[in-house]
Amino acid sequence: ASAEGTTEFHIANQSGKAGDTVTVPVEFHSGEEVGGFQISVYYDTEVMEYQSLEQGDLVVEEGGIFDYNPITASGEIVIVYVVADTVKADGVVANITFTLKQDCGETLPMGMGVDQLIDSSEESNDLSGSQVTGGDETFQATVNERRAQEAQQSSSEEAGQGASKQGEGVEDDAAATGEAAGE
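Since the structure is predicted, the reported quantities are computational estimates derived from the model, not experimental observations.

Draft legend 1. A look at the sheet that holds strand 6 (residues 76-83). With antiparallel pairing, four strands are arranged side by side in an open sheet as 5-6-3-8. Each edge of the sheet is formed by a strand with only one pairing partner; in this case those strands are strand 5 (64-71) and strand 8 (110-119). Direction aside, neighbouring strands of the sheet carry axes that sit 10 degrees apart on average. Bridge analysis of strand 3 (residues 34-43) against strand 6 gives seven bridges, and the strand direction is antiparallel. Considered in strand 6, the bridge of Val-41 is made with Ile-77.

Next up, the structure:
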């Protein structure tokens, strides 16, 4: 169980040998009133091959929207879950099945990141302070770096659009829409 006021996404990590099929549950534990989330699960494509994903027992049939997108080229699976009221406090978000291409003696090279976590209020406010656990430590570190770089890239692209027009105020909007950016 998670402490009050925090939300934890947990990879119930597995081990296995080359050729094995393994199913990895992604768990959710929360001390908050969560209305929905988007998470990205990452895996090492040289070691693991994505097979399938099944929604877990956290997901309700009524009043819930569950969707996922496996981006196998980059070893990423984006999972979105939103409910009309509140996500229950504990459960399995998804069971993800992989085939192993190499032996994984202790843990699978997996990691995770939280893209968005919102509360169950009508305003759908962002919740901070979520954590991810259970990933392979080394692989999770590379995931954190990759996500930091992606975040930097997207924010520097945004900054680059209005930068040349700074002191002129009014022109900013045109630059942001790409008209003045010469696109």
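Continuing now.
Draft legend 2. Molecular detail of the confidence of the model for the protein. In this model, the protein carries an average pLDDT of 88, and 85% of its residues clear a pLDDT of 70 or more. When the elements of the protein are averaged for pLDDT, helix 2 (residues 172-177) gives the smallest value, 48, and strand 4 (residues 48-55) the largest, 98. Scored below 50 in pLDDT, residues 174-181 makes ten contacts in the model with residues more than four places away or belonging to other chains.

Draft legend 3. Molecular detail of the sheet that holds strand 4. Taken together, the five strands give an open sheet; going across it, the order is 4-7-2-1-9, and neighbouring strands pair in mixed fashion. For this open sheet the edge positions go to strand 4 and strand 9 (131-133), each flanked by a neighbour on one side alone. The average angle at which neighbouring strand axes cross in this sheet is 20 degrees, direction not considered. Where strand 4 lies against strand 7 (residues 90-100), seven bridges are found, and the strand directions are antiparallel. Looking across to strand 7, one finds that Gln-55 is bridged to Ala-94.

Draft legend 4. Summary view of the packing of aromatic side chains. Scanning the entire structure with this criterion turns up eight aromatic pairs. Aromatic pair Phe-66 and Tyr-68: ring centres 6.2 Å apart, planes at 50 degrees, arrangement tilted. The buried category is assigned to Phe-66, whose relative accessible area is 17%. Through a chain of ring-to-ring contacts, the aromatic side chains of Phe-9, Phe-28, Phe-37, Phe-66, Tyr-68 and Tyr-81 assemble into a single cluster.

Reading guide: rules and limits
Residues numbered from 1 in each chain as written. Predicted model: local features only at pLDDT ≥ 70, side-chain atom pairs only at ≥ 80, totals over all residues. Heavy atoms only, no water. Pairing = 2+ DSSP bridges. Helix = DSSP H or I, 4+ residues; strand = E, 2+ residues; numbered from the N terminus. Axes fitted to C-alpha atoms, helices over the stretch in contact; angles between N-to-C directions. pLDDT = per-residue confidence, 0-100. Contact = heavy atoms within 4.5 Å. Phe/Tyr/Trp six-rings, centres within 6.5 Å; stacked < 30°, edge-to-face > 60°. Buried < 20%, exposed > 50% of the residue type's maximum accessible area, 1.4 Å probe, protein only.

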